[in-house]
Amino acid sequence: MWRPCIVRRPCLQATSFTKSFFRHSTFQPFCANEPKAPEPKAGGFPPKGKKPKEPQSQSQATSKDDIPIESLDGYLTTLNPILPSGEYDARTIAVMKSRSKRLIEAEMTRRYRQSHKLQKRSHGLTEGSPKEVLVLEASALLVKHKPISVVEDDAANVKESEDIPEEAREPLPDHTEVELEVEELSSTGDGLAYSATHDIVFVVPFTIPGDRVLAKKYPQAEHPLFYMTDFVKLLRPSPQREGVTPGCKYFGTCSGCQLQMLSYEDQLKHKKTIVEKAFAQFSNLDPALIPPVLDTIGSPLQYEYRTKLTPHYPGSSPNKEHIVWGEPPPIGFCKKNSRAVMDIEQCPIATPILNQGLKVERAKVQERTTQRRKGATILLRESTERMTTASKSALSGLTIEQALKNGNKEQGDSAAATTTEADNPAASVELAHLKPTSTELSFNLQGDPRMTYTYPTHVDIKTYTSDNRGMSTEYVGEFSFRSNANSFFQNNNSILPKFIKHVRDNCMPKDMDPQAPGRLKYLLDAYCGSGLFGVSLSPLFSSVLGIDVDSHSIQAARLNAQSNGVPNAGFIAADADQLFADVPFPPDQTMVVIDPPRKGASEDFLAQLCQFGPRRVVYVSCNVHTQARDIGMLVHGFGTSWRYEIESLRGFDFFPQTGHVEGLCFLDRVPDVPDVPDVPGDGNAANPATE
Ligand SMILES: C[S@@+](CC[C@H](N)C(=O)[O-])C[C@H]1O[C@@H](n2cnc3c(N)ncnc32)[C@H](O)[C@@H]1O
């Protein structure tokens, strides 16, 4: 039985340091969806830097959160993280962890480093950047065409290619136009063409294999393996373009999308190769340890799917290129290969309400043209209010507008024929994918747009917010999620029900009876954001503990657990590196979901994970290159107790028309015994534990 060591330690002395930290910082370590958590006001959470309330004196304290720092020691010893059922209570664990001396000190260190712009040591790991990807893929193409293809491994290939003496090649002057035959589509979404004349690879945006194109060398620091280019003209289209019309008039100039010239089926195939190449090149694993990558699962919506847009406009400095003083600025996205902003009136991958919002926000900026000095980014985030019909008969005789009016919660009309989705969590997972029977655009008196989508069983009202501190709501299956408009939430709502269902259906190890007493009971949700995984997977687990460094997201996660009726989920605002310390969940019964930002997880986090040894790991990532790097480390292990085997690997297309793909990988724990071969491996040195 686990004994909570933080309780017994003479810890958390209320030094003047910790007292002052709590009083003067926005750090919100206190946890769990405790009943008292207040619903944020319309304006959202308090702005960063705003001083939190002074702690109350002990006599005034009314809940766990109000316990003054001076009496935490005593308070912690009163907590019991074990429920009467014998299972662990994540909310109490979250309170205890949040108040542990270790976590508070770690958070103070993190903030110190952040304020002094100190980065954690990178350990020389790959960052999975587009440049690194291009180096590997360009060198593979060079190797295909050059005698050095006899060299034995990719790493050596890169080295050898980089060693080509500069004099061996006449540098091509910038802006020179060249005719090229595109051979490969890189994982960055750019075409790659090898030129024997120049003995180098050209990276040509907006092209695919089979295209013959005219491209212009882009000015850049000389690179030994490739030249970046601007696309000039299609001289002969690839057969793959046949029957495909790009959905956006800006495609070919805007930097946002790369693949609109490909059929959707071809986009999905290409994304499968991105995952394959990422694991082949970035995982440092013997190919025998990487299972065949499964087919990419597509997005129900291939346009009009993005629920967040961040167009920007430049400042009005008279010297700025493309800017005429006093004229409305271009508002949109950067041109490919350029920092110049191009004016974009409509973005076809964004949802219709965001495009309506774009019109409104553009007009606002244009009105202020003469006062404009600085450039800025505009936030556009969709928000949905869902009304479900309590029953068809209850609706009879009412128009949808009347039903909606009746169902308006703000008016507190309890005789409503409709209710919000939060009142009716059993609503169908597939609701969101039914086709609306009608769609209506309307505007309020201030000119703010709203779109009403009527379905047979419910009505979705979509609005947008451009307020960084505003809140937005999204529905994913039977759950609703509120989050700060500027905090992270997945951008493609149309694929989320399918994605979450897939994760849910594959959570349990294949050989495990989901009803057996030793089944997985506990979920650790690392990089949990506003609780997407923690909340929507909670029906499968007895207890869920989430961690995220963004305290606004954690506050939202607690409220989301509460509003979705999830009683046993606790959330901690801290660096993910603090997740495993003092967690009492039995590793044999624990699953960890990892969903880090593009840069991936820290090596420290991964080492701790292997030390802790949860039975199963699900790794989700929007950067399959850092995902491959991290999973490579989990498979190799850290020489501690456990390492991992990849059970399955595939992409989900969260980002249609672009070169990005979301990677999803399930891993199972195996004992860590030495001898997992590094690349290059002899293929025979498989780990005995896996046989
Ligand atoms: C890709 S998002 C995933 C969020 C969530 N799982 C979801 O799907 O909505 C990555 C999250 O990692 C958080 N994050 C970034 N660095 C972190 C760190 N060092 N420790 C903990 N969380 C971190 C961000 O705040 C963000 O919410």
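In this text, all values refer to a predicted model and were calculated from it rather than measured experimentally.

Q: Help me out: how do you make sense of the sheet that holds strand β6 (residues 226-236) in this one?
A: Either a parallel or an antiparallel arrangement is found when strands of a sheet pair, and the pairing is made through backbone hydrogen bonds. Strand order in the open sheet made by the six strands is β1-β5-β6-β4-β3-β2, with mixed pairing throughout. The open sheet has two edge strands, β1 (177-181) and β2 (184-185), and neither has a second partner. Strand direction decides the pairing type here: strand β5 (residues 212-217) and β6, joined by six bridges, are antiparallel. Considered in β6, the bridge of V213 is made with L234. Across the sheet, helix α6 (residues 130-145) is in contact with β2, β3 (191-195), β4 (200-204) and β6; its angle to β3 comes to roughly 40°.

Q: Looking at this structure, how should I read the packing of helix α8 (residues 264-282) against helix α16 (residues 624-636)?
A: To characterise two packed helices, one gives the angle between the axes of the helices and the distance between these axes. With their axes 8 Å apart at the nearest point, α8 and α16 run at an angle of 45° to one another. Regarding the angle of α8 to α16, the classification is oblique. Remark: the crossing between α8 and α16 carries right-handed chirality. Residues I274, V275, A278, F279 and F282 of α8 lie in contact with α16, whose contacting residues are V624, H625, Q627, A628, R629 and I631. Across the contact of α8 with α16, the residue classes break down as eight nonpolar, two polar and one charged.

Q: How should I be thinking about the pattern of salt bridges in this particular structure?
A: For side chains bearing opposite charge, pairing can occur when the charged atoms are close. The tally for this structure, following the rule as stated, stands at 27 salt bridges. Between E184 and K144 there is a salt bridge; the shortest N-O distance is 3.4 Å. Here E184, found in strand β2, pairs with K144, found in helix α6; they are 40 residues apart in sequence, far enough to count as distant. We note a salt bridge from E382 to K462, for which the minimum N-O separation is 3.0 Å.

Q: Could you clarify how one ought to interpret the UniProt feature "binding site: S-adenosyl-L-methionine" (unreviewed entry) in the chain in this entry?
A: UniProt's feature table lists "binding site: S-adenosyl-L-methionine" (unreviewed entry) at Q490, Y527, D548 and D595, given in the numbering used throughout. Along the polypeptide, Q490 turns up in the loop between β19 (479-484) and α12 (496-506). Owing to a relative accessible area of 6%, Q490 belongs among the buried residues under this scheme. Not counting residues within four places of it along the chain, the set of residues in contact with Q490 comprises T307, E474, L496, L532, D595, F654 and E662. There is a polar contact of 3.5 Å between the side chain of Q490 and the side chain of D595. Note that D548 resides in strand β21 (residues 543-548). Non-local contacts of D548, meaning those with residues more than four positions away in its chain, are made with Y527, C528, G529, S553, I554, I572, A573 and A574.

Q: What is the right way to look at the sheet that holds β21 in this model?
A: The strand order β7-β25-β26-β24-β23-β20-β21-β22 describes an open sheet built from eight strands, whose pairing is mixed. Unpaired on one side and paired on the other, β7 (294-297) and β22 (569-573) mark the two borders of the sheet. Within this sheet the neighbouring strands show an average axis-to-axis angle of 20°, counted without direction. For strand β20 (residues 522-526) and β21, the ladder comprises five bridges, and the chain directions are parallel. What sits directly across from A526, in β21, is I547. Strand contacts of α8: β7 and β25 (642-652), with the helix running at about 125° to β7, the strand carrying the most contacts. Sheet strands in contact with helix α14 (residues 551-563) are β21 and β22, and its direction is about 170° off that of β22.

Q: So what exactly am I meant to see when it comes to the nonpolar core here?
A: Soluble globular proteins tend to pack their nonpolar side chains together in the buried interior. By size, the foremost hydrophobic cluster in this structure holds 71 residues, and its most contacted members are F499, L537, F541 and M591. For this core, the element with the most residues is helix α9 (residues 352-367), which contributes five residues. Dropping the residues within four chain positions of it, F499 is found in contact with F533, V620, F652, F654 and L664. Grouped together as the second largest cluster of nonpolar side chains are 51 residues, I274, F282, F580 and V583 included.

Q: Quick question: what am I supposed to make of the pairing of β6 here?
A: The two faces of the sheet receive side chains in turn, since in a regular strand these alternate between them. Bridge count for β4 against β6 is three bridges, and the pairing is parallel. For F202, the partnering residue across the bridge sits in β6 and is Y227.

Q: What's the story with unusual backbone geometry in this structure? I'm lost.
A: Note: most peptide bonds trans; most residues except glycine with negative phi. Look at F206: it is not a glycine, yet its phi comes out positive at around 65°. Along the chain, F206 turns up in the loop between β4 and β5. F206 gets classed as buried once you look at its relative accessible area, which sits at 6%. The backbone of N284 sits at a positive phi, close to 60°, despite the residue not being glycine. With respect to the helices, strands and loops of the structure, N284 is situated in the loop between α8 and β7. The class of N284 is partly exposed, set by a relative accessible area of 42%.

Q: Is there a simple way to explain the site of the ligand in this structure?
A: In the region of the ligand, 16 residues are neighbours, and Q490, Y527, D548, A576 and D595 sit closest. Between the ligand and the protein, one listed contact pairs an oxygen atom with a side-chain N or O atom of Q490 at 3.0 Å. D595 is positioned with one of its side-chain polar atoms (N or O) 2.9 Å from a nitrogen atom of the ligand. In the complex, the protein chains occlude 88% of the 590 Å² of accessible area that the ligand would expose alone. Taken together, the residues that form the shell around the ligand break down as ten nonpolar, two polar and four charged.

Scoring rules and cut-offs
- Residues numbered from 1 in each chain as written.
- Predicted model: local features only at pLDDT ≥ 70, side-chain atom pairs only at ≥ 80, totals over all residues.
- Heavy atoms only, no water.
- Pairing = 2+ DSSP bridges.
- Helix = DSSP H or I, 4+ residues; strand = E, 2+ residues; numbered from the N terminus.
- Contact = heavy atoms within 4.5 Å.
- Axes fitted to C-alpha atoms, helices over the stretch in contact; angles between N-to-C directions.
- Parallel < 35°, antiparallel > 145°, perpendicular 65-115°, else oblique.
- Left-handed = near helix turned anticlockwise from the far one by under 90°.
- Nonpolar A, V, L, I, M, F, W, Y, C, P; charged D, E, K, R; others polar.
- Salt bridge = Lys/Arg side-chain N within 4 Å of Asp/Glu carboxyl O.
- UniProt positions renumbered as here; feature names shortened; annotations may be inferred.
- Buried < 20%, exposed > 50% of the residue type's maximum accessible area, 1.4 Å probe, protein only.
- Polar contact = N/O pair within 3.5 Å; in protein donor to acceptor, adjacent residues only side chain to side chain.
- Core = buried A, V, L, I, M, F, W, Y, C linked by side-chain atoms within 4.5 Å.
- Near = heavy atom within 4 Å.
- Areas by Shrake-Rupley, 256 points an atom, 1.4 Å probe, with all protein chains shown as cover.

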